[in-house]
Amino acid sequence: MCGIVGYIGDEQATPLLLNGLKRLEYRGYDSAGIAVLDDGKISVAKAEGRLANLAATANIRGNIGIGHTRWATHGGPEVRNAHPHLSKSGRFAIVHNGIIENYKELKYFLELRGFEFVSDTDSEVIAHLIDFYYVGDVITALIKAACRLKGSYALGVICSDEPKLYAVKKDSPLVVGLCEKSTFIASDMQALTDKTRNFYIMDNGEIAVIGKDARILNMNGEPIKKSVYHAVWDNAVAQKQGYAHFMLKEIHEQPQAIKRTLDAHMNSSLDFLDGINSIHIIGCGSAYHAALMGKYIIESLTGIRVNADIASEFRYRNPIIRGDDLLLAISQSGETADTIGALKIGAGRCKSACIVNVPESTLTHISSPMYTLAGPEVAVATTKGFTTQLLNLYIIAMNLLRRLGDDRYKLLEREIYSLPSLVSKTLALEPQMQQLGVRIAPHDYAFFIGRGADYAAAKESALKLKEISYVHADCYPAGELKHGTISLIEKGSIVVAIATDRALLDKTVSNIIEVKARGAFVIGISCFDLSNVCDVTVNIPRATFVSPLLATVVCQMLSYYTASARGCDIDKPRNLAKSVTVE
Ligand code: G6P
């Protein structure tokens, strides 16, 4: 939620800040702003809406600056709530990612002392608080202010009295990008991989003081020795490379992403599985759907009990956690606040691991990481991030089968190795999905059904359709539709049925016939022949274990082309952010 950047060096800051913000726009895009310091004077530019609005107007000169792209939490998406926020004296400008939980109490404290607030945000208190504590030494003021803040923050700060850039971190991600003649700060490495591969990954309670060089201090103001992290992500991957949208590019990158991920894990021992008796898998959004799919896959193959939970529910429902459980978090970003919170409740009570895409993200520091090697994912709607999460779950199932001495692991292993080519064959269905997208586009709603792992695939597919095309999509286990929802089916209703499990095929076919009898237009996605019961059939390649994954690839394309036919902003759907760092 929200992205921050900062720059100090010999070049003009404004274009560099705008470039960094563009690469962070996936974190929020309802307003943006920059503050630039030049010759002891801070100038600010802000604009509502997309970054392009700011870029069209921001023309501030100076070599030191901070910038912010916002996803509104406290206060609507208006210019006065956009960052950077200035302190009362105008001496400090700050940008903030996170939430200040005690901002009301601090606001009251500051108002009593004559500070006036111009925004409805929680963040503005930070600027005034630093100003309140400033008596000539910025570091002391930052430390005193940080000690009063409750909640999470990645802060970028500039002060008109000093040609320096400051950053402070607690529970929101923050990196310092080191170049030869300049230094950046940013919410993540992806914002800066076109500038540098060398980073300090900031830890909680650390302050970066950046002038001619970058020093990292602790909350006592003492220097800390940090090692430099060398990023492996390739900058070229974060470009559209001729595709109309990042989402389409990322859909097509799946065979390589899957190949890289399986190469990394097929022969690894996955020590976090040692001695476990049951598994809780947690995640939010699509990552939860991967968790649900993981439950079906692992439980049915291995007989090991798996509980799949939405992270925001798990963390507050007092779940039963035993010492021989594994708590497995799934997250593309590794920064989702609810997923981190849910994982933490298992701390000291059982083993924990995470399936994460972003290197060095928060989750990877608090549990054993099993990375997905999807590379940077820019489109807000996840595609290659999701399918590589599923792959890791298949690899976990295979590893468990091997540990149990169950020979079926060999069959699963063979199929996993063929996954890149199965996904490539599935991508060849694109022209058919383009036609079907045009067919769905005029509709306001659609239904998705499936049984078993296909139900999890259908849930993810329904989410994909609604998040990017705004066609409302409801998903049900195929057998559940008749218990109420079938009353909504009428002539022409769109029903997408995923049916890839031979053992459940007849049951799902019966459910298809039920909706057909009520006039539905049924699109069947299957590796079996459904042409006699569906209006349109999408024939995915034949497979035994991984068919639900292939069905989700089909539905990614279906959603993409529906959204495209409806003229939607596919890579940045309204109201969403890719990385949700608030509860
Ligand atoms: C947001 C995104 C979803 C994503 C979810 C979890 O809501 O819009 O697409 O699935 O966060 O993100 P994570 O980074 O934890 O996988």
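Residues numbered from 1 in each chain as written. Predicted model: local features only at pLDDT ≥ 70, side-chain atom pairs only at ≥ 80, totals over all residues. Heavy atoms only, no water.

Visitor: Whenever I open this one, the site of the ligand confuses me. Can you help?
Guide: Close to the ligand lie 13 residues; Ser286, Ser331, Gln332, Ser333 and Thr336 are nearest. Serine 331 places a side-chain nitrogen or oxygen 2.6 Å from an oxygen atom of the ligand. A distance of 2.4 Å separates an oxygen atom of the ligand from a polar side-chain atom of threonine 336. Its residues assigned to classes, the shell around the ligand comprises five nonpolar, six polar and two charged. Taken domain by domain, the makeup of the shell around the ligand includes at least three residues from each of domain 2 (241–417) and domain 3 (427–583). (Near = heavy atom within 4 Å. Polar contact = N/O pair within 3.5 Å; in protein donor to acceptor, adjacent residues only side chain to side chain. Nonpolar A, V, L, I, M, F, W, Y, C, P; charged D, E, K, R; others polar. Domains from an automatic or database assignment.)

Visitor: I would appreciate a short explanation of the sheet that holds strand β21 (residues 445–450) in the present structure.
Guide: Strands sit in the order β22-β21-β23-β24-β25 across an open sheet of five strands; the sheet is parallel. The sheet is open, and its two edges are formed by β22 (472–477) and β25 (536–539), each paired on a single side. Adjacent strand axes in the sheet meet at a mean angle of 20°, parallel and antiparallel pairs treated alike. (Pairing = 2+ DSSP bridges. Helix = DSSP H or I, 4+ residues; strand = E, 2+ residues; numbered from the N terminus. Axes fitted to C-alpha atoms, helices over the stretch in contact; angles between N-to-C directions.)

Visitor: Help me understand the environment of arginine 80 in this model?
Guide: Examined against the element boundaries, arginine 80 turns out to sit in the loop between β4 (64–70) and β5 (85–86). For the pair formed by arginine 80 and aspartate 120, sequence separation is 40 residues and the distance between their alpha carbons is 8.2 Å. For arginine 80, the side chain forms a polar contact with the main-chain oxygen of valine 118, separated by 3.4 Å. Engagement of the side chain of arginine 80 in a polar contact is seen with the side chain of aspartate 120, the distance being 2.6 Å.

Visitor: Explain the packing of aromatic side chains to me, please; I cannot follow it from the model alone.
Guide: Aromatic ring pairs are reported here in terms of the distance separating the ring centres and the angle at which the planes meet. All chains considered together, the criterion is met by seven aromatic pairs. Between phenylalanine 92 and tyrosine 134, the ring centres sit 5.1 Å apart and the planes meet at 85°, which makes this aromatic pair edge-to-face. In this pair, phenylalanine 92 sits in strand β6 (residues 92–100) while tyrosine 134 sits in the loop between α4 (124–133) and α5 (138–148), placing the two residues 42 residues apart along the sequence. For the pair phenylalanine 92 and tyrosine 134, a shared accessibility class is recorded, and that class is buried. Plain terms: the ring middles of phenylalanine 109 and phenylalanine 132 are 5.3 Å apart, the flat faces sit at 85° to each other, and that makes the pair edge-to-face. One end of the pair, phenylalanine 109, is in helix α3 (residues 103–112); the other, phenylalanine 132, is in helix α4, with 23 residues separating them in the sequence. The exposure class assigned to phenylalanine 109 is buried, which follows from its relative accessible area of 16%. According to the relative accessible area criterion, phenylalanine 132 is partly exposed, its value standing at 31%. (Phe/Tyr/Trp six-rings, centres within 6.5 Å; stacked < 30°, edge-to-face > 60°. Buried < 20%, exposed > 50% of the residue type's maximum accessible area, 1.4 Å probe, protein only.)

Visitor: Where do I start with the packing of helix α12 (residues 384–403) against helix α13 (residues 408–417) in this structure?
Guide: Working note: a packed helix pair is described by the angle between its axes plus the distance between those axes. In contact at an axis separation of 8 Å, α12 and α13 are set at 155° when each is read in the N-to-C sense. Classified by the angle their axes make, α12 and α13 are roughly antiparallel. Seen from above, α12 lies across α13 with left-handed handedness. The segment α12 lies against α13, with Leu391, Tyr394, Ile395, Ala397, Met398, Leu401 and Arg402 engaging Arg408, Tyr409, Leu412, Glu413 and Ile416. Residue classes in the contact of α12 with α13 are distributed as nine nonpolar, no polar and three charged. (Parallel < 35°, antiparallel > 145°, perpendicular 65-115°, else oblique. Left-handed = near helix turned anticlockwise from the far one by under 90°. Contact = heavy atoms within 4.5 Å.)

Visitor: How should the pairing of strand β8 (residues 162–170) be read in this particular structure?
Guide: Strand residues, when the strand is regular, have side chains that alternate between the two faces of the sheet. When strand β7 (residues 151–159) meets β8, the two strands line up antiparallel, connected through six bridges. Along β8, the bridge assignment pairs isoleucine 158 with leucine 165. Adjacent in sequence and paired antiparallel, β7 and β8 are bridged by two residues. Relative to strand β12 (residues 206–210), β8 runs antiparallel, the two sharing five bridges.

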